[in-house]
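Next come the chains, spelled out residue by residue.
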Amino acid sequence: MKKISITEIHLPPADFKNGTVNNLPKDRILLNWLIHWIEEGLNKNLFNFGDIIPSKKDFAKYHNVSTGTMQNAVRYAEDLGYFKSRQCVGTMIADKNVQNEAELPEKSISKKDGAVFKIKKYIIEQKFKKGDILPSARIIANEIDTSQNTARLALDVLVREGILVQNVTTLNKTTKILNLDYKDIQVKKSDDDTKETKKDTLSKKLYTKIKNYISKNYKLNDKIISNEEFAKMFNVSVRTVNDAMKRLNKEKIILSLRGRYGTRYINEPEKVKKGAGEKSRFMSNPKSGISAIKNSYSYDWQRVLDQIKKYMITHHEAGDKLPSMKTLASILNVSTNTIRRAVNELVGQGMLFCQRGKHGGIYIVEMPAKEDAFTWLALNPKFLVQ
């Protein structure tokens, strides 16, 4: 097994001008180029089965296309059996005439494979007949609850399987026509990614690994390493790490903020035990006289919310007009953009009203509460009584 360098490729880049005349998209032209490159290289003993091809990024530069376009072409070739992918290794040249399951890597069910199952099920449920034109990829994506790109890739798989036929119209647009009656479409329950399977998805496996790593190596409120560093640590893509981190954010194990704020370990599951009392990531001990705001846990505009409300209570009443955003920024010693974001939040809560024109300005609709828990409520606006 060797890794093929992009400099070892002597076949000229794909000719997109000739492909455009034949109404072929770039990824299909690249697919034809890949097949020709593989077959020629094997015949001339330039490489062997099991050798690792150059990265999609290098291939994209070689053909002067986007990485996404090149990735689609490689996926098509993989579906046809020319490649096989192995996690942490790369994409290898495969013998499409030999499918030895013992040699294939353990591969989780992909989103594309799950979408193929769902589209087949959708065709059967809608009772489409041979010759019927399927809805667009956008409509199908909404029907099966997936992204438009995933739906498009799944439709391409069904075209290669002969279930659909692609028709190019005079406006250079494509439609998918059913090539089989819905009764003749076979659906295997094992292909359904909406149910639990023996092979868990990679993102779910990574979610468990990252969760265990964070709990062992970090304390509450610590800033954790970036997604890129996690990707290198576990030898996966950044996109896979992003999926795992989204789940950790949703479960409130971590809190990810943009820019310099980064991601922090908070370990606050959504389910709070009865009798344990509410916990806020903004407060340490509400009864103590020490300032309980943890600045690292909130954006500047979130912290400014509390200051604006205190300013309103001290200097104004309901119905009064507040100073301009520029003036408020000067009073609170923050940027105008920070004030603007905080004011927009208070407008959304119905506490302030902004009006343009000659008599425009920021007006107070409702005064903030003055309870002892004011700070906690100010930083957790979803608990404010409307």
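You'll find the structure just up there.
Since we're looking at a predicted model, the values are computed, not measured.

Draft legend 1. Structural detail: the overall build of the protein chain. In terms of helices and strands, the protein chain carries 14 helices and 9 strands. Within the protein chain, the fraction of its 386 residues that count as buried is 38%. Partitioning the intrachain contacts of the protein chain with sequence separation of at least 6 by distance along the chain shows that 59% fall at a separation of at least 24. Total accessible area on the protein chain is roughly 23700 Å²; 49% of this is exposed by carbon and sulfur atoms.

Draft legend 2. Representation of helix H4 (residues 67–79) within the structure. Between its terminal C-alpha atoms H4 stretches 18 Å, which fits the 18 Å expected from 13 residues at 1.5 Å a residue. Of the residues making up H4, those classed as buried are Met 70, Asn 72, Ala 73, Val 74, Tyr 76, Ala 77 and Glu 78. Against helix H2 (26–43), helix H3 (56–63), strand E1 (83–86), strand E2 (90–93) and helix H7 (148–160) lie the buried residues of H4. Positive backbone phi, approximately 95°, marks Gly 81, located one or two places after H4.

Draft legend 3. Structural context of the packing of helix H8 (residues 202–217) against helix H9 (residues 227–234). It is at 12 Å that the axes of H8 and H9 come closest, and there the two elements cross at 110°. Between H8 and H9, the interaxial angle falls into the category roughly perpendicular. Listed contacts from H9 to Leu 206, Lys 209, Ile 210, Tyr 213 and Ile 214 of H8 are Phe 230, Met 233 and Phe 234. Per-class residue counts for the contact of H8 with H9 are 7 nonpolar, no polar and 1 charged.

Draft legend 4. Quick peek at the packing of aromatic side chains. Applying the stated criterion across every chain, the model contains 9 aromatic pairs. The interplanar angle of 85° and the centroid separation of 5.8 Å between the aromatic rings of Tyr 213 and Phe 230 together place this pair among those described as edge-to-face. Here Phe 230 lies in helix H9 and Tyr 213 lies in helix H8, a separation of 17 residues in the sequence. Where Phe 230 meets Phe 234, the ring centres are 6.3 Å apart and the plane angle is 15°; that geometry is what we call stacked.

Draft legend 5. Highlighting the pattern of salt bridges. Counted according to the given criterion, the structure contains 7 salt bridges. Close ionic contact of Lys 2 with Glu 8 constitutes a salt bridge, the shortest N to O distance being 3.8 Å. Here Lys 2 falls in the partly exposed class, since its relative accessible area comes to 36%. Glu 8 gets classed as partly exposed once you look at its relative accessible area, which sits at 38%.

Draft legend 6. Looking closely at the packing of helix H11 (residues 300–315) against helix H12 (residues 325–332). Where H11 contacts H12, the two axes come as close as 11 Å, and the packing angle between them is 100°. Our classification of the angle between H11 and H12 gives roughly perpendicular. Where H11 abuts H12, its residues Val 304, Gln 307, Ile 308 and Tyr 311 lie against Leu 328, Ile 331 and Leu 332. Residue composition of the contact of H11 with H12, by class: 6 nonpolar, 1 polar and no charged.

Draft legend 7. Looking closely at H8. Helix length check: H8, at 16 residues, gives a terminal C-alpha distance of 22 Å against a target of 22 Å (1.5 Å per residue), a fit within 8%. Of all the residues in H8, the buried ones are Leu 206, Tyr 207, Ile 210 and Ile 214. Buried positions in H8, seen along its axis, are confined to an arc of 110° and lie on one side of it.

Draft legend 8. View of the sheet that holds strand E7 (residues 321–322). The strand order across the open sheet formed by 3 strands is E7-E9-E8, and the pairing between neighbours is antiparallel. Edge positions in the open sheet fall to E7 and strand E8 (352–355), since each of these has one partner strand only. With 2 bridges joining them, E7 and strand E9 (residues 361–364) adopt antiparallel strand pairing. Pairing of Leu 322 across the sheet is with Ile 362, part of E9. Sitting on the sheet, helix H13 (residues 336–348) touches E8 and E9, and the angle it makes with E8 is about 110°.

Draft legend 9. Representation of unusual backbone geometry within the structure. Despite not being glycine, Asn 45 shows a phi value in the positive range, around 60°. Topologically, Asn 45 is positioned in the loop between H2 and H3. For Asn 45, a relative accessible area of 62% corresponds to the exposed category. Positive phi values are uncommon outside glycine, yet Asn 64 reaches one of about 60°. Within the secondary structure, Asn 64 sits in the loop between H3 and H4. Relative accessible area serves as the criterion here: at 67%, Asn 64 is assigned to the exposed category.

Rules used in this analysis
- Residues numbered from 1 in each chain as written.
- Predicted model: local features only at pLDDT ≥ 70, side-chain atom pairs only at ≥ 80, totals over all residues.
- Heavy atoms only, no water.
- Helix = DSSP H or I, 4+ residues; strand = E, 2+ residues; numbered from the N terminus.
- Buried < 20%, exposed > 50% of the residue type's maximum accessible area, 1.4 Å probe, protein only.
- Contact = heavy atoms within 4.5 Å.
- Areas by Shrake-Rupley, 256 points an atom, 1.4 Å probe, with all protein chains shown as cover.
- Expected span 1.5 Å × (residues − 1).
- Axes fitted to C-alpha atoms, helices over the stretch in contact; angles between N-to-C directions.
- Parallel < 35°, antiparallel > 145°, perpendicular 65-115°, else oblique.
- Nonpolar A, V, L, I, M, F, W, Y, C, P; charged D, E, K, R; others polar.
- Phe/Tyr/Trp six-rings, centres within 6.5 Å; stacked < 30°, edge-to-face > 60°.
- Salt bridge = Lys/Arg side-chain N within 4 Å of Asp/Glu carboxyl O.
- Arc of directions from axis to C-beta.
- Pairing = 2+ DSSP bridges.

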